[in-house]
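What follows is each chain in one-letter form.
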Amino acid sequence: MAKDKKAKTGDKKAAKAAKAAKQEKKAGKKEKKQTLKTKDEDSDAESIDLDDVLAQYAKEQEQYHAITEIACEPPSPRTSGTMVANPANENELLLYGGEYFNGALAKFYADLFVYNIKQDSWKKITSPNSPLPRSGHAWCRAANTKDIYLFGGEFSSPKQGTFYHYNDFWRLDPTNREWTRVEGKSKAAAPPARSGHRMVAFKQYIVLFGGFQDTSVTTKYLNDLWIYDCVNFAWHTPKLQSARAAPDPRSSFTFLPHDQGAVLYGGYSRVKTSVGANKQQQQARGKKGGGGGGGASRVVLKPKVHEDTWFLRITPPASDAPSTTLPTVSWERRKRPANPPNPPRAGATMAFHKGRGILFGGVHDVEESEEGIDSEFFNQLFVWNIERNRYMPLTLRRPKANAGKKAAQQSNMNRRGRAQADEEELLANLKALEEKAGGSTLDESFELIRKEDGEEEKEVERPEKPRLYEFPHPRFNATLAVQADTLYIYGGTFEKGDREFTFDELWSVNLNHLDGVQEIFKRDLEDWLGSDEEADSEDGEDDEDEDWSEVEDEDAEKSGLASPVVSTAPTTPLTAPVAEEDIGTTEEISALTDTLPHPRPFESLRDFYARTSEQWQGIVVEEIIAKTGAKGTEKSPKEIKKAAFEQAEEKWWDCREEIRALEDEQEAAGIGEVVSLADKSDGAGAGMVGRRR
């Protein structure tokens, strides 16, 4: 009994000490907020001239006399920046701009960062001529050059009381990191200032659509279309048929390239809606001290998450037309995509990869009352097949049971030895194919495959990064980019009550294997300062100072995402009900039902092309004959083989999700890799017998 009494006394003392430490931490946090508030009294939104602030920043930029690259740590946390795969270097990602809000003050960035994938290193670029700080801008890679174009964005005072929107246009040379302000040669009008818009490249054109303008009093969403001619250096607004429908005004939508133009999906806007004064609203107004109001209706701005899909058809002028001839442009409403993410979500970002859109994250808001919004956040990964207009979920794969033994055996071989062995095996296959086809030289298309093995040799040795078998924490507005068949997920935002957290991390997912999510870097979230009112309301809460890891687990359980997002069989999300404005549903067409060669389960791109190269070359020759009437005389054998490889690669990725579903089914049934012995020589067949053991 004495021991129990002492233990209870010790527990009480420990509890008192913990409570005192918690109160001291709260007091320090309040003091920090008060200090920041005092320091920022002179920078009130109404007393700040944003033009003066930006002019001062431009003057500071002029102090740089040359473009420099400085090794640095990963970027500080930010959102609404942009990231793109360097079109001039398959080993680099470029990250520019963004903003960070800590609950009290907003900060905007004009930093250009370069991430070297193989060296796992960051560099910060300084330049005497670069865009001013901004977020919500748009940039894209040019289709006819390796340049990157940037337009617009926004900037605000620290307290976000005054906003400034840009209408400047920039070109970035990704090789020497040089920025150039693009000024049109003609006096034609240019797009007005905006943010939240999107741009895409098509042939010699840069296409810009949508966005919004925020004056801190009203927000105007846009649906105007602009095209910049990179050859004639001029903006123009294409003439659209008045009788044809066009997308509604919106921002934060998906805009992806297409062989005949561009494709638009989704977006966000706020639309005017008449709302009746029902009992619930009367009660809400009564809580705020307002009057009853009877049964009158009022106009409110209601959030709208768009789910429609549009195709922008762009027809370039004839080859013999004058160089200043404008292309013909028209909007075409597409049918509703099959199996879209359900429920609909805003802030779900998408990256383009080989004719597909890769979508991640998002948030679904359920507006319960005027006093609060209940939100659900997502960390699911979807692929959108643009041509067939259908979505499929992507799931991660855990390593097989015998993967550990295989990895241990491979670790005994050095990297150079493995690359040499792979190259010798590939050269033997190439030689056999060339002899069978009657060729005398290796074609360029196979060089693309050889490059995959050759680059392994150049990779810098570094510690293995942590690998998870569940997607990162749910979030919205994450920044995505695809480089060399790998998806990179940077940052994003998550909300917990009145607090907003900006993730400070970078992840990668191999879209070919989906063998887990690799953590490139991850730093702890910074404190949310918020306002004094928020702090007062939080003082009575027991979980104010809870660790982020606990918040993460709690929200993951709440959203049903606490368990790893891994499945041995494909899962199909429920299809959302079709809205009245949508035109039916899209018939799902399998990529495996046509007469073209298609890959087999567990077959790599290299093996697929090695097996079907002759068929693809025959298809290319038939296409040439159909167009020109000549038997391939306009293209050399190397050009034919290269075109054949490109078509085979496109088909392999087009079938990837369906083949992966078949692989999952076979693995669930206990069936391993399926190999046709008819396609193997006798020696290869004997080798397969040993492999099955």
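Conventions adopted
- Residues numbered from 1 in each chain as written.
- Predicted model: local features only at pLDDT ≥ 70, side-chain atom pairs only at ≥ 80, totals over all residues.
- Heavy atoms only, no water.
- Axes fitted to C-alpha atoms, helices over the stretch in contact; angles between N-to-C directions.
- Helix = DSSP H or I, 4+ residues; strand = E, 2+ residues; numbered from the N terminus.
- Parallel < 35°, antiparallel > 145°, perpendicular 65-115°, else oblique.
- Left-handed = near helix turned anticlockwise from the far one by under 90°.
- Contact = heavy atoms within 4.5 Å.
- Nonpolar A, V, L, I, M, F, W, Y, C, P; charged D, E, K, R; others polar.
- Pairing = 2+ DSSP bridges.
- Expected span 1.5 Å × (residues − 1).
- Buried < 20%, exposed > 50% of the residue type's maximum accessible area, 1.4 Å probe, protein only.
- Salt bridge = Lys/Arg side-chain N within 4 Å of Asp/Glu carboxyl O.
- Polar contact = N/O pair within 3.5 Å; in protein donor to acceptor, adjacent residues only side chain to side chain.
- Core = buried A, V, L, I, M, F, W, Y, C linked by side-chain atoms within 4.5 Å.
- Domains from an automatic or database assignment.
- pLDDT = per-residue confidence, 0-100.
- 1 Å grid on protein atoms, 1.4 Å probe; cavity = no way out; pocket = protein on both sides within 12 Å on 5 of 7 lines; lining within 4 Å.
- Points joined across faces, edges and corners; volume = space filled by probe spheres on them.

Let us look at the packing of helix α9 (residues 605-628) against helix α10 (residues 637-654). Look at α9 against α10: their axes get within 7 Å of each other, and the N-to-C directions meet at 120 degrees. As far as their axial angle goes, α10 and α9 are oblique. Relative to α10, the crossing made by α9 is right-handed. Between α9 and α10, the residues in contact are Leu605, Phe608, Tyr609, Trp616, Gln617, Ile619, Val620, Val621, Glu623 and Ile624 and Ile640, Lys641, Ala643, Ala644, Phe645, Gln647, Ala648, Glu649, Lys651 and Trp652, respectively. Broken down by class, the residue content of the contact of α9 with α10 amounts to 14 nonpolar, two polar and four charged.

Turning our eyes to something else, we now look at the sheet that holds strand β22 (residues 349-353). Strand order in the open sheet formed by four strands is β22-β23-β26-β27, with antiparallel pairing between adjacent strands. Looking along the sheet, the strands with just one partner apiece sit at the ends: β22 and β27 (390-394). Between one strand axis and the next, the sheet turns by 25 degrees as a mean value, whatever way the strands run. Summarising the sheet, strand β23 (residues 356-360) and strand β26 (residues 381-385) pair through five bridges and their orientation is antiparallel. Along β26, the bridge assignment pairs Gly357 with Trp384.

A few words on α10. Over its 18 residues, α10 runs 26 Å from end to end, which matches the ideal 26 Å to within 8%, given 1.5 Å per residue. Every buried residue of α10 is accounted for by Ile640, Lys641, Ala643, Ala644, Phe645, Ala648, Glu649, Lys651, Trp652 and Trp653.

What follows deals with the pattern of salt bridges. A pair can form between side chains of opposite charge whenever their charged atoms are brought close. Applying the stated rule across the entire model yields 20 salt bridges. Measuring nitrogen to oxygen at the nearest pair gives 3.9 Å for the salt bridge that ties Asp147 to Arg171. Residue Asp147 is located in the loop between β6 (138-141) and β7 (148-151), and its partner Arg171 is located in strand β10 (residues 169-173); the two are separated by 24 residues in the primary sequence. By sharing partners, the salt bridges in this structure join Glu69, Glu92, Lys123 and Arg177 into a single network.

All right, on to the side chain of Arg250 then. Secondary-structure assignment places Arg250 in the loop between β17 (234-236) and β18 (254-258). Within the structure, Arg250 has its side chain in polar contact with the backbone oxygen of Gly266 (distance 2.8 Å). Within the local environment of Arg250, its side chain forms a polar contact with the side chain of Asp308, the two groups lying 2.8 Å apart.

Further remarks concern unusual backbone geometry. For the bond from Asn342 to Pro343, the omega torsion is 5 degrees, close enough to zero to count as cis. Here Pro343 shows up in the loop between β21 (328-333) and β22. Of note, Lys203 is a non-glycine position whose phi angle comes to about 50 degrees, a positive value. Counting through the fold element by element, Lys203 comes out in the loop between β12 (198-202) and β13 (205-209). Under the relative-accessibility criterion, Lys203 is labelled partly exposed at 46%. If you check the backbone angles, Asn339 has positive phi at about 55 degrees while not being a glycine.

As a further point, take the nonpolar core. Judged by nonpolar contacts, the single largest core of 33 residues is most densely connected at Phe360, Leu381, Leu480, Leu487, Ile489 and Trp616. When residues of this core are traced back to their parent elements, those giving at least two are β23, β26, β27, β29 (479-483), β30 (486-490), β33 (504-510), α9 and α10. Both domains that meet at this core, namely domain 1 (64-275 + 299-397 + 465-521) and domain 2 (597-669), each give it at least three residues. If sequence neighbours within four positions are ignored, Leu480 has contacts with Met83, Thr349, Met350, Ala351, Ile358, Phe360, Leu487, Tyr488 and Ile489. In terms of nonpolar packing, the next biggest core, distinct from the first, is built from 16 residues, Phe253, Leu264, Trp310 and Val329 among them.

This part is about the side chain of His236. By the element assignment, His236 lies in strand β17. Those residues in contact with His236, other than ones at most four positions away along the chain, are Trp226, Ile227, Leu326 and Pro327.

Two elements, strand β31 (residues 493-496) and strand β32 (residues 499-502), share four bridges in a ladder whose sense is antiparallel. Residue pairing in the sheet places Glu495 in a bridge with Glu500 of β32. Count of turn residues in the β31/β32 antiparallel hairpin: two residues, of which Gly497 carries a positive phi of about 65 degrees.

What follows concerns the environment of Gly136. Positionally, Gly136 belongs in the loop between β5 (121-126) and β6. Residue classification places Gly136 among the buried positions, given a relative accessible area of 16%. Considered as a pair, Gly136 and Gly211 are 75 residues apart in the sequence and their alpha carbons are 9.1 Å apart. The residues touching Gly136, leaving out its near neighbours within four places in the chain, are Ser80, Gly153, Ser195, Gly196 and His197.

This next bit is on the pairing of strand β16 (residues 225-229). With five of five residues buried, β16 lies mostly within the body of the structure. Judged by which residues are buried, β16 turns out to be covered on both faces: Leu225, Ile227 and Asp229 on one side and Trp226 and Tyr228 on the other are all buried. As judged from the five bridges shared by β13 and β16, these two strands associate in the antiparallel manner. Bridge pairing in β16 places Tyr205 opposite Asp229. The pairing of β16 with β17 spans three bridges and is classified as antiparallel. Note that in β17 the partner of Ile227 across the bridge is His236. Remark: four residues form the turn of the hairpin made by β16 and β17, two consecutive strands paired antiparallel; Phe233 in that turn has positive phi of roughly 55 degrees.

For the rest of this paragraph, the subject is the sheet that holds strand β4 (residues 106-116). Here five strands make up an open sheet; going across it, the order is β1-β5-β4-β3-β2 and the pairing antiparallel. Two strands in the sheet have a free side with no partner beyond their single neighbour: β1 (68-72) and β2 (82-85). Across the sheet, the axes of successive neighbouring strands diverge by a mean angle of 30 degrees, strand direction being ignored.

This part is about the confidence of the model for the protein chain. For the protein chain, the mean per-residue pLDDT works out to 75, and 65% of the residues sit at or above 70. Here helix α12 (residues 682-692) stands out as the element of the protein chain with the lowest mean pLDDT, 36, in contrast to β7, whose mean of 97 is the highest. For residues 1-8, every residue scores under 50 in pLDDT, and the model assigns this stretch zero contacts once sequence neighbours within four places are set aside.

This part covers the environment of His197. Topologically, His197 is positioned in the loop between β11 (178-181) and β12. Between the C-alpha atom of His197 and that of Phe253, which follows or precedes it by 56 residues, the distance is 7.8 Å. When residues no more than four places from it in sequence are discounted, the contact partners of His197 are Gly136, His137, Ala138, Phe151, Gly152, Gly153, Leu208, Phe209, Gly210, Gly211 and Phe253. Side-chain polar atoms of His197 contact the backbone oxygen of Phe151, separated by 2.8 Å.

Take empty space enclosed by the protein next. This model, assessed by the stated rule, comprises seven cavities of 30 Å³ or more. The computed volume of the largest cavity comes to approximately 180 Å³. Together, 18 residues line the largest cavity, and Tyr265, Gly266, Gly267, Arg345 and Ala348 are the ones closest to its centre. Broken down by secondary-structure element, the contributors of at least two residues to the lining of the largest cavity are β19 (261-276) and β20 (297-315). Here the element with the most residues in the lining of the largest cavity is β19; it accounts for four residues.

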